[in-house]
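# Coordinates in review
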There are 2 protein chains.
Amino acid sequence: MAQNARLQGLALLVLCVLLYPAMTTAQQPALNLMPLPASAQPGTGSLGVDSSFSIAFTGYTEPRLERAGERFLRQLALQTGLPLSLKPAKKANAILVIQTDHASKEIQELGEDESCVLEVTTTGAKLTAPTPLGAIHGLQTFLQLVNVSPGGFAAPAVTIQDKPRFPWRGLMIDSARHFIPLDVIRRNIDGMEAVKMNVFHWHLSENQGFRVESKKFPKLHEMGSGGLYYTQEEMRDLIAYARDRGIRVVPEFDMPGHSTAWFVGHPELASGKGPYEIERKWGIFDPAMDPTNEKVYKFLDDLIGEMARIFPDHYFHIGGDEVNGKEWDANPKIQAFMKAHGLKNNQALQAYFSGRVQKLVTKHGKAVVGWDEVLVEGVPKDIVIQSWRGQASLAQAAKQGYRGILSNGYYLDLGWSAARHYAVDPMSGDAANLSVEAKQQILGGESCMWSEYVNPENVDSRIWPRNAAIAERLWSPQEVRDPASMYARLDFVSARLEWLGLTHRTVSRHMLQRLAGSASATEFAALRTLTEVVEPVKNYTRRQTAPAEPSSATPMNRVVDAVPLESDAGRRFNDQVDQFLAAACHDSAVEARLRAQLSTWRDNDATLQPLAQRSFLVKEVAATSQDLSALGTAGLAALDAIAKGHPAPDSWKAQQLAILEQVNKPKAQLLLIPAPAVQKLIEAAAAGGTCSTARP
Amino acid sequence: MAQNARLQGLALLVLCVLLYPAMTTAQQPALNLMPLPASAQPGTGSLGVDSSFSIAFTGYTEPRLERAGERFLRQLALQTGLPLSLKPAKKANAILVIQTDHASKEIQELGEDESCVLEVTTTGAKLTAPTPLGAIHGLQTFLQLVNVSPGGFAAPAVTIQDKPRFPWRGLMIDSARHFIPLDVIRRNIDGMEAVKMNVFHWHLSENQGFRVESKKFPKLHEMGSGGLYYTQEEMRDLIAYARDRGIRVVPEFDMPGHSTAWFVGHPELASGKGPYEIERKWGIFDPAMDPTNEKVYKFLDDLIGEMARIFPDHYFHIGGDEVNGKEWDANPKIQAFMKAHGLKNNQALQAYFSGRVQKLVTKHGKAVVGWDEVLVEGVPKDIVIQSWRGQASLAQAAKQGYRGILSNGYYLDLGWSAARHYAVDPMSGDAANLSVEAKQQILGGESCMWSEYVNPENVDSRIWPRNAAIAERLWSPQEVRDPASMYARLDFVSARLEWLGLTHRTVSRHMLQRLAGSASATEFAALRTLTEVVEPVKNYTRRQTAPAEPSSATPMNRVVDAVPLESDAGRRFNDQVDQFLAAACHDSAVEARLRAQLSTWRDNDATLQPLAQRSFLVKEVAATSQDLSALGTAGLAALDAIAKGHPAPDSWKAQQLAILEQVNKPKAQLLLIPAPAVQKLIEAAAAGGTCSTARP
């Protein structure tokens, strides 16, 4: 399905205008902004940015804003290589003046005003915002505007009026299956700030780990984390770090399922007999809390109270997903309770549990967020439903008066292309037909980084740059939807994100160097050539095709772990093929480029095979390398046939498609991304067609 | 001269066997060790390293050793991607057993035993060392041995007996001209540990900054650093960090010259009238301490005392270089003093000063290290001379009974090739003819990273990987000197060094992305093609050819700041040309590779020029890009002429050499590294010669 979405995206790319129309004039290059603002009026000329650049604050100010200013200058200095003074200047001398009217809420609230106006002229810039939240966003916009130009670094003259489309724009990171250290979390929060996301949803407990220090119940983290947990002080620091960047932190404690790690220290909470161990494998497991045990609620009351004091946000996520009910079915006491209380099935039992927990959360001054499953009849209206199972459930919730956020379509671990995520809109599908009131229940969305197949080393590369496309979907007007424009800007933003310390681009080269060992420069280049055009298998195929049952002890040092989830080189090749085939008369320059690329692929395997003999990790992709070679040969043959100008024989087509069929079978859990484009070339060759014949 | 050294290196590369003979057998690949050990006996087979890998300590142990073990395991996990347990195992279960006999000195001493023996068999490994110092070195050797193999990660079976050739193997970093933050220092110390260097020489004061917190004289850092200094606590932490890695820290306070920054807060120390400001420019300046002022010695007594309590090392560097004497000449009081004390010239006055300071250093329990200039008649014998002006001065000092360390030939900021540094031996030149006793005065050497043209961003890339070649020179037996072997191993070690957090490889791409702005992938590839074969101008030419007088306010965001100081691609091309020309009958496969490369260069400019029109920083290298194109065309013409098999006409040769002459003129402070090789092709074409004619 990812492949289809990609192809659709590419078709659009060819058909659509290249840039969001409002953003461009004949004189002015398009703005490299992501997310695109609500509105932008290009001006004339640009504002030079040199070593004398400075900022000043006017109106309301606060330490957070001053830190944002210093962070902005530090980032601008990095981005330009200019030695800038980090101290604010006097207003009269400042190039960029930041005017803020009043404070934002002491605890950042859902739906607070995040708007700003940024005016850049040839002589200076002014950023105006009601509160520091808008100012923080506007500073990121300015950073994205500054680029190298013929005369130095500069920001184009423009007037931007900006505000988000949705108030809830989140990223969830699963720190539980694989523990993600704080420095990695922090740089991802920097990335969120850069693309104006405002909710960090922190998935903190799982079968595989309870990642939070509890002073009330220290056995939770001492026995349930293998030593990998966040202290309360660290979490408080992280929350302050996020607040500085206009980002709320919503903690998730998943219950009553996904909770084996709790039971290692506290088996009395479980529905089964125990003893329990920290789960090492992935999947849905039997252990679940006992909803019939009053001690469980006493425990949760204390724990939620403790956590509510650490996490100031108004929202508290209680999970609620994927309870298989096996421990409940097997426990006679629970069965008796259900009968006594008229709970007809496990769903009803879970609803009873959720209701009880919801009351505890409310008691501690918070509102509940839960996955789809928590939405059953009678659940109070102030809960927020996080929809992972589909857009239909989101619309259904909204219709019933529940607020919701969309995550279905934004699961970063499924390996979809940025274009496919980008096409998912919280207001499309069933939501499109909702009443105006019901639509207002849809608060936004959250991308989700589940961590079965990511670790601290490669997690950045699984989140970025695709997450920026989702951020744009949630911030920018609904009409902003051209994937070609998105990709053009994403390329740029992706490079910028690495200046924040994110490693999504560099880590791939590092990991390839590891598995290449002492490869020669030529061999390493061949490995790069191959790995630039593959992607890991999509959706849940990674698990289904794993060579051995994966677990938290599985090394993640294979090619499938090293390559980006989306192949830029593959996408560009596919673009070129579309461009080549779309022209009635084939463009010989494009053809030459295609031939050069295909020849490189054809010959690449010969260079790579000796390395495969020396490294078991390269050996794993030896068959994929042969496939790429076959793809190169087939593509060249197709171009030869096309050049002849009359249809290639059916037998030839059948033979070539048989090769493609082999190539399309994933090997080493990798897909060869140029395969569909080569197939198009083969089909075009079989169809014939020259300048004089119209193409179908 | 760098060019000549390079060419000599390349000639050697072609002539010499490819690997250090003792290191290799027919069965066993060469060991990727740098520095190469004193002796290595290859065994049979290899030791597998998988997730169960563990270590155990036996014999003497201490917290430092345990930390070294954990650091080793963490590094091994990074290097392999294996999820390793970081806790030591029981001896019976451990794969690597580390046996240490006794403690090293409480304060690491010059000349302590650093030896170790490492035996790796197919079933396990044993590291034996008299003290933790040897064990720390041996762990790094083991890390370098582990590599990917056909069957998994593995270390080859081998018995290594190792010890350093010289006891003083240092790296100096100038933190004064450009302040270098502690995280950057720390990762460079990690790099030093990896290549077994054992002295970090910290250049802490300069005209441009006094970088150390003084509680005694706070005006020193408060007024003399622009806020960029190390606190005493930070320095103590850094010293502990270095000690953990077997590295001594020698502080340098440069006096009586190079000291303008001291005088901003303390003009009373100077020989001139002041007032003084922090110097922003580079060079030799007039301000100097007043050697005739008793208050200066009182001040230095207190300051040296304060610093001696922070820096535990026995050696204390007092600089002493480059006093131009102008303030002394202009000060009548100083002139009168000189007359009264029979000091005939400024050199004698400086000797008087050095003698006084040396007594203060001795009083505080330390021995003096100073640059060449401090060696004048009558200086006490316990000082150590750091020779920057030449090997002759080192030999002279040794003859007179002074100990010395060589830095001439190891100035990293001069941009020499690794091969050129590698060829410099502390025992060559005049030192080769010293008596056995005099030779023992030569303690080793130090590479020096002066920071006029480096900042925290690119300093790693100015130190590494070349510093590893110097480290090998100072550790390995004198016979280890084959540049081809060195380069083969350097490539490997360079990649490994980035796992420590060093950024010498990745930073170049980052900086190029900055100056390329929103380049297309093709344009960026063209920029890479160009920048891969250029190097910054050598020696002191950077200053002489600067577009404007450089200072600490000069941005370092140009191509010359971004490219590595040594071009690997350029070196490889030059190798190939030598290989091509050395064969009596030209190898058509090599010729094809050369043609492909030359064609890429010829065509590269067309892709790059549009980008140059959009970026002032790319524009700066537009002429260099045209030169590369010309080089490609000339090289192809030469290959065509060679293929004809008879001498090309003189007029053709003259025309081609005229082109080369233009190309050889540095532009944008860059050299085109393949130019000499193309010139060789032209000369070969002019000389003619085919399979049937012997080549000169």
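Residues numbered from 1 in each chain as written. Chains lettered and ligands numbered in written order. Predicted model: local features only at pLDDT ≥ 70, side-chain atom pairs only at ≥ 80, totals over all residues. Heavy atoms only, no water.

### A closer look at the overall build of chain A
The number of helices and strands found in chain A is 27 helices and 19 strands. If you line up chain A on its principal axes, its C-alpha atoms span 80 × 70 × 55 Å. The buried share among the 696 residues of chain A stands at 61%. Sequence separation of 24 or more characterises 76% of the internal contacts of chain A that already satisfy a separation of 6 or more. Surface exposure of chain A reaches about 25400 Å², of which carbon and sulfur atoms provide 54%. Within chain A, the 75 negative side-chain charges are centred at a point lying 0 Å from the centre of the 72 positive side-chain charges. (Helix = DSSP H or I, 4+ residues; strand = E, 2+ residues; numbered from the N terminus. Buried < 20%, exposed > 50% of the residue type's maximum accessible area, 1.4 Å probe, protein only. Contact = heavy atoms within 4.5 Å. Areas by Shrake-Rupley, 256 points an atom, 1.4 Å probe, with all protein chains shown as cover. Lys, Arg positive; Asp, Glu negative; His and termini not counted. Charge placed at Lys NZ, Arg CZ, Asp CG, Glu CD.)

### A word on the relation of the copies chain B and chain A
Once chain B is rotated about the relating axis by 180 degrees and shifted along it by 0.0 Å, it coincides with chain A to within an RMSD of 0.1 Å. Given the turn and translation reported, the copies of this chain are related as if by a two-fold rotation axis. Of the C-alpha atoms belonging to chain B, the one lying closest to the rotation axis is found on B:Thr506, 3.6 Å away. Both copies present the same face, since 100% of the interface residues in chain B are matched by interface residues at the equivalent positions in chain A. (Least-squares fit on C-alpha atoms with pLDDT ≥ 70 in both.)

### Some points on helix 27 (residues 675-687) of chain A
For the α-helix, the turn length of 3.6 residues means that residues three or four positions removed from each other point alike. Residue and element names in this part refer to chain A. Helix length check: helix 27, at 13 residues, gives a terminal C-alpha distance of 18 Å against a target of 18 Å (1.5 Å per residue), a fit within 8%. Looking at helix 27, one finds that the buried residues are Ala675, Pro676, Ala677, Val678, Leu681, Ile682, Ala684, Ala685 and Ala686. Just beyond helix 27, the residue with positive phi is Gly688, at close to 70 degrees. (Expected span 1.5 Å × (residues − 1).)

### Points about the interface of chain B and chain A
Taken together, the contact between chain B and chain A spans 45 residues of the former and 45 residues of the latter. Across the chain B to chain A interface the summed buried area is about 2900 Å²; carbon plus sulfur atoms make up 59%. The interface formed by chain B and chain A includes zero salt bridges. Counting the contacts that link chain B with chain A gives 10 residue pairs in polar contact (both at pLDDT 80 or more). Going through the elements one at a time, helix 2 (63-80), strand 6 (147-149), strand 7 (152-162), helix 17 (483-498), helix 18 (506-516), helix 19 (521-531), helix 23 (588-614) and helix 24 (616-619) of chain B are the ones with two or more residues in the side of chain B that touches chain A. Counting residues per element, the side of chain B that touches chain A draws most heavily on helix 18 of chain B, which supplies eight residues. For the side of chain B that touches chain A, a count of residues per class yields 19 nonpolar, 18 polar and eight charged. (Buried area = accessible area lost by both parts, 1.4 Å probe. Salt bridge = Lys/Arg side-chain N within 4 Å of Asp/Glu carboxyl O. Polar contact = N/O pair within 3.5 Å; in protein donor to acceptor, adjacent residues only side chain to side chain. Nonpolar A, V, L, I, M, F, W, Y, C, P; charged D, E, K, R; others polar.)

### Observations concerning unusual backbone geometry
Between B:Met34 and B:Pro35 the backbone carries a cis peptide bond, its omega angle lying at 0 degrees. Here B:Pro35 lies in the loop between helix 1 (2-15) and strand 1 (39-49). That bond from B:Trp464 to B:Pro465 is cis: its omega, 0 degrees, falls within 30 degrees of zero. The residue A:Lys196 is not glycine, and still its phi comes out positive at about 65 degrees. Looking at the secondary structure, you find A:Lys196 in the loop between helix 4 (182-194) and strand 9 (199-203).

### Focus: the environment of B:Glu452
All names here are of chain B. Note that Glu452 resides in the loop between strand 17 (442-449) and helix 15 (459-463). Put simply, Glu452 and Leu515 are 63 residues apart on the chain and 21 Å apart in space, counted from C-alpha to C-alpha. Once residues lying within four places of it in the same chain are set aside, the contact partners of Glu452 are Arg177, His178, Trp282 and Met556. There is a polar contact of 3.2 Å between the side chain of Glu452 and the side chain of Arg177.

### So, the packing of aromatic side chains
Applying the stated criterion across every chain yields a total of 40 aromatic pairs over all chains. Centroid distance A:Phe179 to A:Tyr230: 4.7 Å. Interplanar angle 35 degrees. Geometry classified as tilted. Pair noted here: A:Phe179 is in the loop between strand 8 (168-174) and helix 4 and A:Tyr230 is in the loop between helix 5 (219-224) and helix 6 (232-244), with a separation of 51 residues, a long-range link. The residues A:Phe179 and A:Tyr230 share a single accessibility class, namely buried. Taken together, a centroid distance of 6.2 Å and an interplanar angle of 50 degrees make the contact between B:Phe53 and B:Phe72 tilted. With B:Phe53 in the loop between strand 1 and strand 2 (55-59) and B:Phe72 in helix 2, this residue pair connects regions lying 19 residues apart in the sequence. Each member of the pair, B:Phe53 as well as B:Phe72, carries the same accessibility label: buried. Among the aromatic residues, those joined into a ring-pair cluster are A:Phe179, A:Phe200, A:Trp202, A:Tyr230 and A:Phe311. Above the ring of A:Trp416, the side-chain terminus of A:Arg420 is found at 3.4 Å from the ring centroid. Sitting above the plane of the A:Tyr487 ring, A:Arg571 keeps its charged end 3.7 Å from the centroid. (Phe/Tyr/Trp six-rings, centres within 6.5 Å; stacked < 30°, edge-to-face > 60°. Lys NZ or Arg CZ within 6 Å of the ring centre and 35° of its normal.)

### Topic: the pairing of strand 12 (residues 248-252) of chain A
For a regular strand, side chains alternate in direction, first toward one face of the sheet and then toward the other. All names here are of chain A. For strand 12, the tally of buried residues reaches five of five residues, placing the bulk of the element in the interior. Here strand 12 shows a buried face lined by Arg248, Val250 and Glu252 and a second buried face lined by Val249 and Pro251. Note: strand 9 against strand 12, five bridges, orientation parallel. Across the sheet, Phe200 pairs through a bridge with Val249, a residue of strand 12. (Pairing = 2+ DSSP bridges.)

### Observations regarding the nonpolar core
With 192 residues, the main nonpolar core has A:Leu96, A:Phe142, A:Trp202, A:Trp262 and A:Leu300 as its most contacted residues. It is helix 25 (residues 622-644) of chain B that contributes the most residues to this core, nine residues altogether. Dropping the residues within four chain positions of it, A:Trp262 is found in contact with A:Ser205, A:Phe210, A:Leu220, A:Phe253, A:Asp254, A:Met255, A:Leu269, A:Met289, A:Phe299, A:Leu300 and A:Leu303. Counting 191 residues, the second-largest nonpolar core is a separate cluster that includes A:Leu515, B:Phe166, B:Ala419 and B:Ala431. (Core = buried A, V, L, I, M, F, W, Y, C linked by side-chain atoms within 4.5 Å.)

### Quick look at the pattern of salt bridges
All names here are of chain A. In total, this model carries 68 salt bridges over all chains according to the counting rule given. With its nearest N and O atoms 2.7 Å apart, the salt bridge here joins Arg67 to Asp244. Of this pair, Arg67 sits in helix 2 (residues 63-80) while Asp244 is found in helix 6, placing the two residues 177 residues apart along the sequence. Residue class for Asp244 comes out buried when judged on its relative accessible area of 10%.

### Section: the confidence of the model for chain A
All names here are of chain A. Of all residues in chain A, 95% attain a pLDDT of 70 or more, and the chain-wide mean is 93. Note on residues 1-28: pLDDT under 50 across the span, and 50 contacts to partners over four residues away in sequence or across chains. Within the model, pLDDT remains below 50 along residues 692-696, and this stretch shows six contacts once partners closer than five positions in the same chain are excluded. For this predicted complex, the interface confidence score (ipTM) comes to 0.91, while the overall pTM stands at 0.93. (pLDDT = per-residue confidence, 0-100.)

### Things to note about the side chain of A:Asn458
Residue and element names in this part refer to chain A. Mapping Asn458 onto the fold places it in the loop between strand 17 (442-449) and helix 15 (459-463). A polar contact of 3.0 Å, which involves the side chain of Asn458, links it to the backbone nitrogen of Asn455. Beyond its immediate chain neighbours, meaning those up to four positions away, Asn458 contacts Tyr453, Met511 and Asp561.

### Thoughts on the packing of helix 23 of chain B against helix 25 of chain B
Residues and elements named next belong to chain B. Two numbers describe how helix 23 lies on helix 25: the axes approach to 8 Å, and their chain directions differ by 155 degrees. In terms of their interaxial angle, helix 23 and helix 25 are classed as roughly antiparallel. Where helix 23 crosses over helix 25, the handedness of that crossing is left-handed. Residues Glu591, Leu594, Arg595, Leu598, Ser599, Trp601, Arg602, Asn604, Asp605, Leu608, Gln609 and Ala612 of helix 23 form the contact with helix 25, whose participating residues are Ala622, Ser625, Gln626, Leu628, Ser629, Leu631, Gly632, Thr633, Gly635, Leu636, Leu639 and Asp640. Here the contact of helix 23 with helix 25 is composed, by residue class, of 10 nonpolar, nine polar and five charged. (Axes fitted to C-alpha atoms, helices over the stretch in contact; angles between N-to-C directions. Parallel < 35°, antiparallel > 145°, perpendicular 65-115°, else oblique. Left-handed = near helix turned anticlockwise from the far one by under 90°.)

### Regarding the environment of A:Gly257
All names here are of chain A. Along the polypeptide, Gly257 turns up in the loop between strand 12 and helix 7 (260-265). Separated by 29 residues in the primary sequence, Gly257 and Asp286 place their C-alpha atoms 7.8 Å from one another. Setting aside chain neighbours within four positions, we find Gly257 in contact with Pro287, Ala288 and Val323.

### Points about helix 8 (residues 294-310) of chain B
All names here are of chain B. When the terminal C-alpha atoms of helix 8 are compared, their 25 Å separation across 17 residues agrees well with the 24 Å that a helix rising 1.5 Å per residue should span. Counting buried positions along helix 8 gives 12 out of 17 residues, so the element sits mostly inside the fold. Every buried residue of helix 8 is accounted for by Val296, Tyr297, Phe299, Leu300, Asp301, Leu303, Ile304, Gly305, Glu306, Met307, Ala308 and Ile310. Structurally, the start of helix 8 carries an N-cap: the backbone nitrogen of Lys295 is 2.8 Å from a side-chain oxygen of Asn293.

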